[in-house]
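Listed here are the chains, written in short residue letters.
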Amino acid sequence: MAQAVDASKNLPSDPRNREVVFPAFRDPQLGNLETPINASPLTKWFINNLPAYRPGIAPARRGLEVGMAHGYWIFGPFAKLGPLRDTGSANLAGLLAAIGLVVVLTAGLSLYANSNPPKALASVTVPNPPIDAFNSKESWNNFASSFLIGGIGGAVVAYFLTSNLGVIQGLFG
């Protein structure tokens with residue numbers, strides 16, 4: 001087996017000797033690489049369907065979707081791994097901590113919006129970034145305010161589901 005591998009190292013026709021990493025758009029001056037991971041159709045499909053890159057939706061809708069997802073998953077670690085995890089108020093502490101973090105993240109988004117951020121650049125994974133989504137301070141601030149609403153909503157939904165898990169299981173089980 002080792003001899004076959006050694007013999008294949010010098011054969012240009014062997015598929016194991018093909019180049020699989022190229023400069024992005026075949027231009028080495030861009031400083032980005034096209035790899036089998038970031039150039040695969042599955043990766044491109046997944047990234048281009050995220051709210052930040054999905055074409056045709058408003059910045060407020062983008063912020064709402066991103067906020068709901070983040071508020072929902074941020075609740076869990078605070079409630080189940082936080083210092084009050086073994087008390088009766090663990091879920092409430094998780095809710096308040098998640099809301100606090102969403103507020104801090106929203107403040108960070110607002111600061112970034114006021115720093116005059118650059119426009120999105122085309123990459124291997126996202127060849128056509130949405131040009132209307134994040135092109136002004138106003139659109140970034142719309143995104144941030146919707147992120148706050150969505151994040152608080154996501155945390156409240158997670159709190160409601162976790163606090164009423166017995167009732168929900170009784171309905172379906």
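Thresholds applied
- Residues numbered from 1 in each chain as written.
- Predicted model: local features only at pLDDT ≥ 70, side-chain atom pairs only at ≥ 80, totals over all residues.
- Heavy atoms only, no water.
- UniProt positions renumbered as here; feature names shortened; annotations may be inferred.
- Helix = DSSP H or I, 4+ residues; strand = E, 2+ residues; numbered from the N terminus.
- Contact = heavy atoms within 4.5 Å.
- Areas by Shrake-Rupley, 256 points an atom, 1.4 Å probe, with all protein chains shown as cover.
- Lys, Arg positive; Asp, Glu negative; His and termini not counted.
- Charge placed at Lys NZ, Arg CZ, Asp CG, Glu CD.
- Salt bridge = Lys/Arg side-chain N within 4 Å of Asp/Glu carboxyl O.
- Buried < 20%, exposed > 50% of the residue type's maximum accessible area, 1.4 Å probe, protein only.
- Polar contact = N/O pair within 3.5 Å; in protein donor to acceptor, adjacent residues only side chain to side chain.
- Core = buried A, V, L, I, M, F, W, Y, C linked by side-chain atoms within 4.5 Å.
- Phe/Tyr/Trp six-rings, centres within 6.5 Å; stacked < 30°, edge-to-face > 60°.

An unreviewed UniProt entry lists the protein under the name Photosystem I reaction center subunit XI, from Nostoc cf. commune SO-36. Taken directly from UniProt, the Sequence similarities (unreviewed entry) text for the protein runs: "Belongs to the PsaL family."

Draft legend 1. The overall build of the protein, seen in detail. Counting its regular elements, the protein contains six helices and two strands. Helices and strands appear in the protein in the N-to-C order α-β-β-α-α-α-α-α. For the protein, the spread of C-alpha atoms along the three principal axes comes to 65 × 50 × 30 Å. A separation threshold of at least 6 residues defines the contact pool for the protein, and within that pool the share at least 24 residues apart is 58%. Surface exposure of the protein reaches about 11,400 Å², of which carbon and sulfur atoms provide 66%. Considering the protein, the positive charge centre built from 12 side chains and the negative charge centre built from 9 side chains are found 5 Å apart.

Draft legend 2. Fine view of the pattern of salt bridges. One pass over the structure, following the stated rule, counts three salt bridges. Residue E34 pairs with R26 through a salt bridge whose shortest N-O separation is 3.2 Å. By relative accessible area, E34 is classed as partly exposed at 21%. Linking R54 and E65 is a salt bridge whose minimum nitrogen-to-oxygen distance equals 3.1 Å.

Draft legend 3. Layout of the side chain of T125. Tracing the chain through its elements places T125 in the loop between α4 (90-113) and α5 (137-163). A relative accessible area of 12% places T125 in the buried class. In terms of polar contacts, T125 uses its side chain to reach the backbone carbonyl oxygen of N38, at 3.1 Å. Ignoring sequence-local partners within four residues, the contact set of T125 consists of N38, T43, K44, I47 and N48.

Draft legend 4. The UniProt feature "transmembrane region" (unreviewed entry) in the protein, seen in detail. In the numbering used here, UniProt assigns the "transmembrane region" (unreviewed entry) feature to residues 90-113 and 143-161. End C-alpha atoms of residues 90-113 are separated by 34 Å, and the span's content is 100% helix alongside 0% strand. Within residues 143-161, the helical portion is 100% and the strand portion 0%, while the C-alpha atoms at the span's ends are 26 Å from each other.

Draft legend 5. Structural detail: the nonpolar core. Core analysis: the biggest nonpolar cluster contains ten residues, these being V66, V102, L109, A113, A133, F134, W140, F143, A144 and F147. Elements with a minimum of two residues in this core: α4 and α5. Considering each element in turn, this core owes the most residues, four residues, to α5. Apart from the residues lying within four places of it in its own chain, the contact partners of F147 are G63, L64, V66, G67, H70, V102, L105, T106 and L109. Among the nonpolar cores identified, the runner-up in size contains seven residues, and I74, F75, A79 and L95 belong to it.

Draft legend 6. Spotlight on the packing of aromatic side chains. Applying the stated rule across the entire model yields five aromatic pairs. Taking the centre distance of 5.3 Å and the plane angle of 85° together, the rings of F134 and F143 count as edge-to-face. The class for F143 is buried, based on a relative accessible area of 8%. Ring geometry for W140 and F143: centres 6.0 Å apart, planes at 80°, overall edge-to-face.

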